[in-house]
Amino acid sequence: MISSMTGFAVLSEEQAQGTLTIELRSVNHRYLDLQFRLPEELRAIEPGMREIANAKLSRGKVECRVSFTRTTQSELPDSLSGDLLSRLAHLDAQVRVHFPQAQGLSVADVLRWPGMVESGSLPMEQLREQCESLLLKVIAEFAASRTREGEKLKQILLERVAKMEALVTQVKPRIPLLVSQYQERLSGKLREAVASMDEDRIRQELVLFASKVDVDEELERLTTHLGETRRILEKGGGAGK
């Protein structure tokens, strides 16, 4: 089966720590251009996933998006950053020396402070295995979507090839008559030219006649191209222009 260069697939799996989602989408590209989009906390697992994708995919500009949404329990912070909390309290005290009436930081302000909440680290090795396993499933779905679209495109192209082949079949028997009609018109023009002894015009008409009547080569070339198109479509796999 022939495969389209465009494709899409997305799968999600519930894990102990949350929901893992991997999405693959691609557009046409001469070579394999693989781009990963994943959160920083999962950046360490990218090399392994990239190796799998490179082994399974051949062409296309492919974007792989990985997301991980923690469950409510896993999102609860393990602790606050003690060092940052102390520095924030010290800075708050310094500000109050100069602005006694200033409103102090609320608990919500402190919790929203960047880096204040230290969440528990994810079990990276376990997530690595889960991501790689899910990626293989997504790639299978992705390849199936490419094949489905490729088969639809194949039928469209074969229909157009058949129409062009039919036109060639209709044109070939008419060529002798068309050449004869053109010769008659050309003869009339040549008689006019000879009557006026316009040699330049005679040469021009002869050159034009030679270029217009010889269409056999073009028809044979077109027939060859149509046959090659059929061969490529029937062969299947990844095919370019």
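Please refer to the structure higher up on the page.
Here the structure is a predicted model, which means the values were calculated and not measured. Along every chain, residues carry numbers that run from 1 in the direction the sequence is written. The predicted nature of this model means local features are confined to residues of pLDDT at least 70 and side-chain atom pairs, given and counted, to a pLDDT of 80 or more, with totals for whole chains, interfaces and linings taken over all residues. Hydrogens and water are ignored here; the side-chain numbers use all heavy atoms of the structure.

What about the pairing of strand β2 (residues 7-14)?
Bridging between β2 and strand β3 (residues 18-27) involves eight bridges; their strand directions are antiparallel. Opposite E14, over in β3, you have T19 as the bridge partner. From the end of β2 to the start of β3, which pair antiparallel, there are three residues. Here the rule is simple: two strands pair whenever DSSP picks up at least two bridges between them. A run of H or I in DSSP becomes a helix once it reaches four residues, and a run of E becomes a strand once it reaches two; helices and strands are each numbered from the N terminus.

Quick look at a nonpolar patch on the surface
Exposure above 30% relative accessible area and the absence of a salt bridge qualify a residue for a patch, where like charges join within 9 Å and nonpolar side chains (Val, Leu, Ile, Met, Phe, Trp, Tyr) within 5 Å. For the accessible areas, the method is Shrake-Rupley and the probe is 1.4 Å, while residue cover comes only from the protein chains on display. A side-chain nitrogen of Lys or Arg and a carboxyl oxygen of Asp or Glu constitute a salt bridge if their distance falls within 4 Å. A cluster of nonpolar side chains, contributed by L80, L85, V107 and L111, occupies part of the molecular surface with about 340 Å² of accessible area. Tracing the backbone shows L111 in helix α4 (residues 107-112).

Structural notes on the packing of helix α1 (residues 46-56) against helix α5 (residues 124-171)
Axis definition: a line fitted to C-alpha atoms, over the contacting stretch in the case of helices. Angles run 0 to 180 degrees between N-to-C directions. At a minimum axis separation of 10 Å, α1 and α5 run at an interaxial angle of 25 degrees. Here α1 lies roughly parallel to α5, going by the angle between them. Crossing hand, α1 versus α5: right-handed. Here α1 contributes G48, M49, I52, A53 and K56 to the contact with α5, which in turn contributes C131, E132, L135, L136 and I139. Angle categories are assigned with fixed cut-offs, so that under 35 degrees is roughly parallel, over 145 is roughly antiparallel, 65 to 115 is roughly perpendicular, and the rest are oblique. Note on convention: the crossing is left-handed when the near helix lies turned anticlockwise from the far helix by less than a right angle, right-handed when the turn is clockwise. The criterion used for residue contact is that any of the two residues' heavy atoms lie within 4.5 Å.

Examining the sheet that holds β2
Strand pairing in a sheet relies on backbone hydrogen bonds, with the paired strands running either antiparallel or parallel. Pairing within the open sheet is mixed, and its four strands lie in the order β2-β3-β5-β4. Edge positions in the sheet fall to β2 and β4 (32-37), since each of these pairs with one other strand and no more. In this sheet, adjacent strand axes meet at a mean angle of 10 degrees when their direction is disregarded. In this structure, β4 lies alongside strand β5 (residues 60-70), joined through six bridges in parallel fashion. Residue pairing across strands places F36 opposite C64, the latter belonging to β5.

Quick look at the pattern of salt bridges
In this structure the tally under the stated criterion is 13 salt bridges. Here R65 ties to E63 by a salt bridge, and the two come within 2.9 Å at their closest N and O atoms. For D83, the salt bridge is made with R87, and the minimal N-O distance between the two is 3.3 Å. Of this pair, D83 and R87 both sit in helix α3 (residues 82-98), four residues apart, which is roughly one turn of that helix. Per-residue accessibility, obtained with a 1.4 Å probe over protein chains only, is compared with the maximum for each type, and a residue is labelled buried under 20%, exposed over 50%, and partly exposed between these values. Residue class for D83 comes out exposed when judged on its relative accessible area of 51%. One continuous salt-bridge network, built from bridges that share partners, spans E40, R43, E46 and R50.

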